[in-house]
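Structure at a glance
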Amino acid sequence: MNVKIIVVVLVIAAISLVLVLADPPLEPDSDIGLVINPPDRSVSLEQLEQIYSDAASSGIGRSNVYMFWNIVEPQRGEFDWRHYDALFGAAEQNGLKTTLFFSLVNGETLGPFPDWMGDPSLGSVDSKTLVNTLDAALSRYDSIDVVIIAGQTESQFRRGEHNIPAYTELFSKVYDGIKAEHPDVRMGNSFALHQVLNKDLGHLVGELSDGDFVAFSYWPVDLLNDIVKTPSEAGEDLKKVFEMAPGNVAFFETGWSTSEFVGGNDTSQKDFVRVLFDFYEQNEPKIEFITWYRQYDTQEGTCGSEQGNIGDKQIDLGGSGLGGTEHVIERLDRYICNAGLIKADGTAKPGWDEFKRQVGMQN
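Small disclaimer: the values here were computed from a predicted structure and weren't measured. (Residues numbered from 1 in each chain as written. Predicted model: local features only at pLDDT ≥ 70, side-chain atom pairs only at ≥ 80, totals over all residues. Heavy atoms only, no water.)

Attention now moves to the side chain of Ser63. Within the secondary structure, Ser63 is located in strand S3 (residues 60–67). Only 2.7 Å separates the side chain of Ser63 from the backbone oxygen of Leu34, close enough to count as a polar contact. At 3.3 Å, the side chain of Ser63 and the backbone nitrogen of Ile36 are in polar contact. Ignoring any residue separated from it by four or fewer positions in sequence, one finds Ser63 in contact with Leu34, Val35, Ile36, Lys97, Thr98 and Thr99. (Helix = DSSP H or I, 4+ residues; strand = E, 2+ residues; numbered from the N terminus. Polar contact = N/O pair within 3.5 Å; in protein donor to acceptor, adjacent residues only side chain to side chain. Contact = heavy atoms within 4.5 Å.)

Dropping the structure here:
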């Protein structure tokens, strides 16, 4: 055989061996998610696409998009999708499913509603109008397979239990309307587990558990937003959801801050990543999905509002609003701004490597 041919054959064989031995790309797991956010308040479309690509490379198959009625439907029946096309486009480009948080109930806040709606109460929100708006979003964005219209639900009804019947009636009508057009889309309400435990509000979870699942967010904090749990103690908190919810549960936003100001650090975050995935592995049949909050840190003092810009478009970049006294707000800002698995300068924390390792073990 010609020497050149032998060399070519050997090179091809070596390349083939490397390809066989190399780790195959991870298939997206739609049951495991990550709140994908840029480290800066302004981001170009190209940067956003790279951020989503980096997140998807970990093997996750889901992220959250936070949608606000006043932004998406500024005029009745007239939709402005410019604020959301970039986010959903990046998700779909990377094969990610999307949990849509449509802000009807956001803790103690309702809406924000478009000006044309005035200032409605829960009892006066028209279910058909809400269904039409959600249907428009679901019809436009194929990646949405989960819808949540109430987050931190316990805070809305803690002092207003008399409004629960009006909300459950509204939820039921919206649920039926969405299922009629999008039968595979799942809907549920979300609660802040730490608030439920800190304020003994478990009974509200049972009263507002309509839908396909009950979702929870979880941070290991007390009423002042200081981290007061060890990772193993936080794992015990997670188990309590099964005592409250009658059916399947989901984890909408679950994470751990590294801010020393509120008692966090890199080691405890990494340890909680492991605890969280151990919990998920042990209870997977009862968990719809689990989403880590979040990908990147952001500059402290900016987390009171997640408004930012994608190119020349202002958009909500994801996350919960703040409320309470100045002291509590300051601590929550520090918590949120340092809850990422990657620092704002792009340096990975130990928790990011652990997160990718754990996601890989689930594939």
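If you walk through the whole model with that rule in mind, you get 16 salt bridges. For the salt bridge of Asp145 with Arg186, the shortest nitrogen-to-oxygen distance reads 3.4 Å. You can see Asp145 sitting in strand S6 (residues 144–151) and its partner Arg186 sitting in strand S7 (residues 186–192), a full 41 residues away along the chain. The exposure class of Asp145 is buried, given its relative accessible area of 14%. For Lys239, the salt bridge is made with Glu236, and the minimal N-O distance between the two is 2.9 Å. Of this pair, Lys239 and Glu236 both sit in helix H10 (residues 231–239), 3 residues apart, roughly one helical turn. Using a relative accessible area of 45% as the deciding quantity, one classes Glu236 as partly exposed. (Salt bridge = Lys/Arg side-chain N within 4 Å of Asp/Glu carboxyl O. Buried < 20%, exposed > 50% of the residue type's maximum accessible area, 1.4 Å probe, protein only.)

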